[in-house]
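Examining the three-dimensional arrangement
This is what each chain is made of:
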Amino acid sequence: MDRFSTATRDWFRRNFDAPTEAQARGWPVIAGGQHCLITAPTGSGKTLAAFLWAIDRLVALPNPDRAAAGTRVLYISPLKALVVDIERNLRAPLAGITHAAASDGRSLQAPTVAVRTGDTPARERQRQLREPAEILVTTPESLYLMLGSRAAETLVG
């Protein structure tokens, strides 16, 4: 946990006794900029293992011009139903880290999150073009369609 920012460490320690094995083994590799594959049972903390370092970097190294930066974290979920779960699971650490910082007098802006699936309304897709979220959770099919459209420009950041 030493590599994480103070706000992230504070939030984590307030909510968990210790990292799971998947987290303890994954975070050093991820923080070191290496690729890794985490396989573990349901409920073992894989989502947090995958996202916490990225969330921490977005909070610790914010980009003042978010729209110009485009999407900085892309999470591809194999199933549309899981996209909603992943997005929901992101909300707790995002809000919690922001709150942990605020309780210590620090002001942090939580990274923005968007979901893109075949069910995403046209109006939302247009908004995502104008204001790309820093974190995008999508499916392989939706990513494929994005890469062949103007939306690909939002993934350059």
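Here, every reference points to the structure presented above.
The structure reproduced in this document is the subject of the present report.

What counts as what
Residues numbered from 1 in each chain as written. Predicted model: local features only at pLDDT ≥ 70, side-chain atom pairs only at ≥ 80, totals over all residues. Heavy atoms only, no water. Salt bridge = Lys/Arg side-chain N within 4 Å of Asp/Glu carboxyl O. Helix = DSSP H or I, 4+ residues; strand = E, 2+ residues; numbered from the N terminus. Buried < 20%, exposed > 50% of the residue type's maximum accessible area, 1.4 Å probe, protein only. Phe/Tyr/Trp six-rings, centres within 6.5 Å; stacked < 30°, edge-to-face > 60°. 1 Å grid on protein atoms, 1.4 Å probe; cavity = no way out; pocket = protein on both sides within 12 Å on 5 of 7 lines; lining within 4 Å. Points joined across faces, edges and corners; volume = space filled by probe spheres on them. Nonpolar A, V, L, I, M, F, W, Y, C, P; charged D, E, K, R; others polar. Arc of directions from axis to C-beta. Contact = heavy atoms within 4.5 Å.

Turning next to the pattern of salt bridges. Scanning the entire structure with this criterion turns up 9 salt bridges. Close ionic contact of Asp10 with Arg106 constitutes a salt bridge, the shortest N to O distance being 3.6 Å. A residue pair is termed long-range when its members are at least 10 positions apart, and Asp10 in helix α1 (residues 6-15) and Arg106 in the loop between α5 (80-103) and β2 (113-116) qualify at 96 residues. One salt bridge connects Glu87 with Arg91, and the closest N-O pair in it is separated by 2.4 Å. Placement of both Glu87 and Arg91 in helix α5 is noted, with a separation of 4 residues, approximately one turn of the helix. Under the relative-accessibility criterion, Arg91 is labelled partly exposed at 41%. In the salt-bridge network here, residues are joined through shared partners; they are Glu124, Arg127 and Glu131.

Turning our attention to the packing of aromatic side chains. Applying the stated criterion across every chain, the model contains 7 aromatic pairs. Ring centres of Phe51 and Tyr75 lie 4.8 Å apart, and the angle between their planes is 20°; on these two criteria the pair is classed as stacked. Separated by 24 residues along the polypeptide, Phe51 in helix α3 (residues 46-60) and Tyr75 in strand β1 (residues 73-76) bring together distant segments of the chain. Under the relative-accessibility criterion, Phe51 is labelled buried at 1%. Classification of Tyr75 as partly exposed rests on a relative accessible area of 22%. Every member of this aromatic cluster is reached through a ring pair, and the members are Phe4, Trp11, Phe12, Phe16, Trp27 and Trp53.

Right, let's get into the layout of surface pockets. For the largest pocket, the calculated volume is near 710 Å³. Lining the largest pocket are 25 residues, with Lys46, Thr47, Ala50, Phe51 and Tyr75 positioned closest to its centre. If you tally residues by element for the lining of the largest pocket, the top one is α3, at 6 residues. Here the residues of the lining of the largest pocket are counted per class, giving 15 nonpolar, 7 polar and 3 charged. Taken as a whole, the second largest pocket encloses approximately 180 Å³ of empty space. In terms of lining residues, the second largest pocket is bounded by Trp11, Phe16, Thr47, Leu48, Phe51, Ile55, Asn89, Leu90, Ala92 and Pro93. Those elements that place two or more of their residues in the lining of the second largest pocket are α3 and α5. Tallied by class, residues from the lining of the second largest pocket come to 8 nonpolar, 2 polar and no charged.

To continue, consider empty space enclosed by the protein. Considering all chains together, one arrives at 1 cavity of 30 Å³ or more under this definition. Considering only enclosed or pocket space, the largest cavity measures out at about 40 Å³ in volume. Considering the residues around the largest cavity, the lining is formed by Thr71, Gln128, Pro132, Ala133, Leu136, Met146 and Thr154. Residues of the lining of the largest cavity, tallied by class, amount to 4 nonpolar, 3 polar and no charged.

Let us look at helix α2 (residues 21-31). Within α2 the residues assigned to the buried category are Ala22, Gln23, Gly26, Trp27 and Ala31. Along the long axis of α2, the arc covered by the buried residues comes to 120°, so they all point the same way. In α2, those exposed residues whose orientation departs by more than 90 degrees from the buried face are Glu21 and Arg25. Looking at the buried positions of α2, the neighbouring elements they touch are α1 and α3. Gly33 lies just past α2 and shows a positive phi near 80°.

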